[in-house]
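Fold and contact review
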Amino acid sequence: MCSRRSVIRTLAHPVVCAGALLFATVASGEAAIPVGAEPAVYSAAQAERQPLLDTLQTLVSIESGSKDFAGVSYIAQVAADKLKALGGEVRIIRSTDPERLQDTPEQPGPAVQAVFKGSGHSKIMLIAHMDTVYHQGDLAQQPFRIDGERAYGLGIEDEKQGVALVLHSMALLQKIGYDQFGQITVLFNSDEEISSPGSRKLITALARDQDAVFSFESGGQDGTLHLATSGIGALFLSVEGKASHAGARPEYGVNALYELSHQLLQMRNLSQPERGLKLNWTLSQAGSNRNVIPAHAEAQADARALRVQDFDALQSAVQERIRNKLFDGSRISARFELRRPPMEASDAARKIAAQAQQIYRKELDLPLRVNDVALGGGTDAAFAALSARGGVVEGMGLGGFGAHSNHDEYILLGSIVPRLYLVARLVMELSAPRGEAEHSDAHSATTGVQQK
């Protein structure tokens, strides 16, 4: 197999390995190779562009809502077959002990794990999810289509592009003959949109001994990498009162709706947005008839935090507040669900992100934004970060927009080649022995001088 150094030297020496030679030539009609780029890697990325789009069309055309067990099982088999064809050691994993959240189905969808063995020592994990928020029949309203520099389709940005990008990043590495990594673990889950109840433990366990974890959510329209994500929680408040005739004997009842209103109002100042802690009540229900004092009322809140201890403090504050009741006869209970833990930026993740920025800047002459402050969203990267020894980087996916939209979800075609190139080059940088990494730095510096 070609080493990373042989790929770098493809155009500098007439004797090269067959895989590198094949992809060192710029195909007719493709954009010129950037001056600073590794020619074999960039040509291979260009060659994978159309196959990636073909795979993406296949994936988008499969309806795979998180609770559609048949749909997610089918897309899992499709993904498993593609990973097997690439030479991975593949298994489909069914959840046997899911976290029982409010919306967890009886049987969450399966995950697909593939392991690719190389000749080196690095351990890298690539994660993406196959499920979507859509329902059976929705695909007819937005099938896969290409319009100008955008490809549209349900779930295309969130996150079938990530699955396709992982598959074709592995294909790219194979085609240039690069195997200097130690082990690459691919994990596709099918319950991310419902907070990964069946796969969260698996993600955490597999991430534990990785040197790096890349999560392939979209980086948005500008391709930003994210090193921190918010924790997501759900708070459930339940009030039991006593029913009575609302007109003839209201005083004999205990109005659960009044009590619920009292509780929600006295919790309105628990948010601390300056610290990233947010609590917003978003759903409520009470009563059964207009002329009956409601005996039951309930509400749900969305909670966000940047630190796990902030969630702990929030739960304690809620339990303290509900002791202050409006009616002595009411009974109040509060329950908290951790949907996703927060992910805080680590030094290891910052180092990887800096490498990614250098690759974009020096080799592709492109800017790359990195955000190390959580903006409110949460992803599976946080489950990986709970135990990962290496850096966890989110947003490695294609550029795009419109997640969870019935009409506007798309990916940017211009992001395909740069992202394929970035994944491959990061694998190389993270897998290179120290001496070879120093050679790479010297090569990049020389290339940078030539561009000026």
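What comes next is a walk through the structure. (Residues numbered from 1 in each chain as written. Predicted model: local features only at pLDDT ≥ 70, side-chain atom pairs only at ≥ 80, totals over all residues. Heavy atoms only, no water.)

Below, the discussion takes up empty space enclosed by the protein. Regions of empty space are outlined by a rolling probe, equal in size to a water molecule, passed over the atoms. With the rule as written, the count across this model stands at two cavities of 30 Å³ or more. Each pocket or cavity is described by its volume, and for the largest cavity that value is around 80 Å³. Contributing to the lining of the largest cavity are 13 residues, with Glu63, Ser64, Thr132, Tyr134 and Leu154 lying nearest its centre. Taken together, the residues of the lining of the largest cavity break down into five nonpolar, five polar and three charged. (1 Å grid on protein atoms, 1.4 Å probe; cavity = no way out; pocket = protein on both sides within 12 Å on 5 of 7 lines; lining within 4 Å. Points joined across faces, edges and corners; volume = space filled by probe spheres on them. Nonpolar A, V, L, I, M, F, W, Y, C, P; charged D, E, K, R; others polar.)

In spatial order, the strands read E1-E2-E6-E3-E7-E16; together these six strands make up an open sheet with mixed pairing. The sheet is open, and its two borders are formed by strand E1 (89-93) and strand E16 (391-393), each paired with just one other strand. Across the sheet, the axes of successive neighbouring strands diverge by a mean angle of 15 degrees, strand direction being ignored. In the packing of helix H4 (residues 69-85) onto the sheet, contacts are made with E1, strand E2 (111-117) and strand E6 (183-189), and the angle to E1 comes to roughly 170 degrees. (Pairing = 2+ DSSP bridges. Helix = DSSP H or I, 4+ residues; strand = E, 2+ residues; numbered from the N terminus. Axes fitted to C-alpha atoms, helices over the stretch in contact; angles between N-to-C directions. Contact = heavy atoms within 4.5 Å.)

On the surface, a cluster of nonpolar side chains totalling about 300 Å² of accessible area is made up of Leu257, Tyr258 and Leu326. Inspection of the secondary structure assignment puts Tyr258 in helix H7 (residues 256-266). (Patch = residues over 30% accessible without salt bridge, like charges linked within 9 Å, V, L, I, M, F, W, Y side chains within 5 Å. Areas by Shrake-Rupley, 256 points an atom, 1.4 Å probe, with all protein chains shown as cover. Salt bridge = Lys/Arg side-chain N within 4 Å of Asp/Glu carboxyl O.)

A separate point is the pairing of strand E9 (residues 231-240). The buried count for E9 comes to nine of ten residues, which makes it a mostly enclosed element. Inspection of the sheet shows E9 paired to strand E13 (residues 296-305) by ten bridges, in the antiparallel sense. Looking across to E13, one finds that Phe236 is bridged to Gln300. Relative to strand E14 (residues 331-340), E9 runs antiparallel, the two sharing nine bridges. By the bridge assignment, Ile232 is partnered in E14 with Arg340. (Buried < 20%, exposed > 50% of the residue type's maximum accessible area, 1.4 Å probe, protein only.)

To continue, consider the environment of Leu206. Mapped onto the elements of the fold, Leu206 is located in helix H6 (residues 200-207). Measuring from C-alpha to C-alpha, the distance between Leu206 and Met125 comes to 8.2 Å, with 81 residues separating the pair along the chain. Discounting chain neighbours no more than four positions away, the residues touching Leu206 are Gln113, Met125 and Leu187.

Roughly 890 Å³ of volume is contained in the largest pocket. Around the largest pocket sit 40 residues that line it, and Ile232, Arg304, Gly377, Gly378 and Thr379 are the ones nearest its centre. Among the elements of the structure, helix H5 (156-175), E9, strand E11 (278-286), E13 and E14 are those that each provide at least two residues to the lining of the largest pocket. Tallied by class, residues from the lining of the largest pocket come to eleven nonpolar, 17 polar and twelve charged.

For the rest of this paragraph, the subject is H4. Helix length check: H4 (17 residues) gives 24 Å between terminal C-alpha atoms against 24 Å at 1.5 Å per residue, within 8%. Inspection of H4 places Gly71, Val72, Ser73, Ile75, Ala76, Val78, Ala79, Ala80 and Leu83 among the buried residues, and these make up the whole buried set. On its buried face, H4 is in contact with helix H3 (39-60), E1, E2, H5 and E6. Following H4 by one or two positions, Gly87 has its phi on the positive side, about 95 degrees. (Expected span 1.5 Å × (residues − 1).)

What follows covers the packing of helix H9 (residues 347-364) against helix H11 (residues 416-431). Closest axis-to-axis distance for the H9/H11 pair is 10 Å, and the angle between their directions is 125 degrees. On the basis of their axis angle, the class for H9 and H11 is oblique. Note on packing geometry: the crossing formed by H9 with H11 is right-handed. Residues Ile352, Gln355, Ala356, Ile359, Tyr360, Glu363 and Leu364 of H9 form the contact with H11, whose participating residues are Pro418, Arg419, Tyr421, Leu422, Arg425, Leu426, Glu429 and Leu430. Within the contact of H9 with H11, the residues separate by chemical class into ten nonpolar, one polar and four charged. (Parallel < 35°, antiparallel > 145°, perpendicular 65-115°, else oblique. Left-handed = near helix turned anticlockwise from the far one by under 90°.)

So, on to unusual backbone geometry. Peptide bonds are trans in most cases, and residues, glycine excluded, mostly fall at negative phi. Of note, the amide linkage connecting Asp158 to Glu159 takes the cis form, showing an omega dihedral of 5 degrees. Checked against the element boundaries, Glu159 lands in helix H5. Even without being a glycine, Asp365 presents a positive backbone phi close to 55 degrees. Its place among the elements puts Asp365 in the loop between H9 and strand E15 (370-371). Even without being a glycine, His404 presents a positive backbone phi close to 70 degrees. By the secondary structure assignment, His404 is in the loop between strand E17 (400-401) and strand E18 (410-412). A relative accessible area of 45% places His404 in the partly exposed class.

Across a sheet, paired strands are connected by hydrogen bonds in the backbone, their directions being either parallel or antiparallel. In spatial order, the strands read E11-E13-E9-E14; together these four strands make up an open sheet with antiparallel pairing. The strands lining the two open edges of the sheet, one partner per strand, are E11 and E14. The mean inter-strand angle of the sheet, taken between neighbouring strand axes irrespective of direction, is 20 degrees. Bridge count between E11 and E13: eight bridges; the pairing is antiparallel. The partner of Gln285 across the bridge, within E13, is Glu298. Helix H8 (residues 308-321) contacts E9, E11, E13 and E14 of the sheet and is inclined by roughly 170 degrees relative to E14.

Applying the stated criterion to the full structure yields 19 salt bridges. Salt-bridge contacts for Lys201 lead to Asp97; the nearest nitrogen and oxygen are separated by 3.0 Å. Of this pair, Lys201 sits in helix H6 while Asp97 sits in the loop between E1 and E2, placing them 104 residues apart in sequence. The class for Asp97 is exposed, based on a relative accessible area of 51%. For Asp222, the salt bridge identified is with Arg369, shortest N-O distance 2.8 Å.

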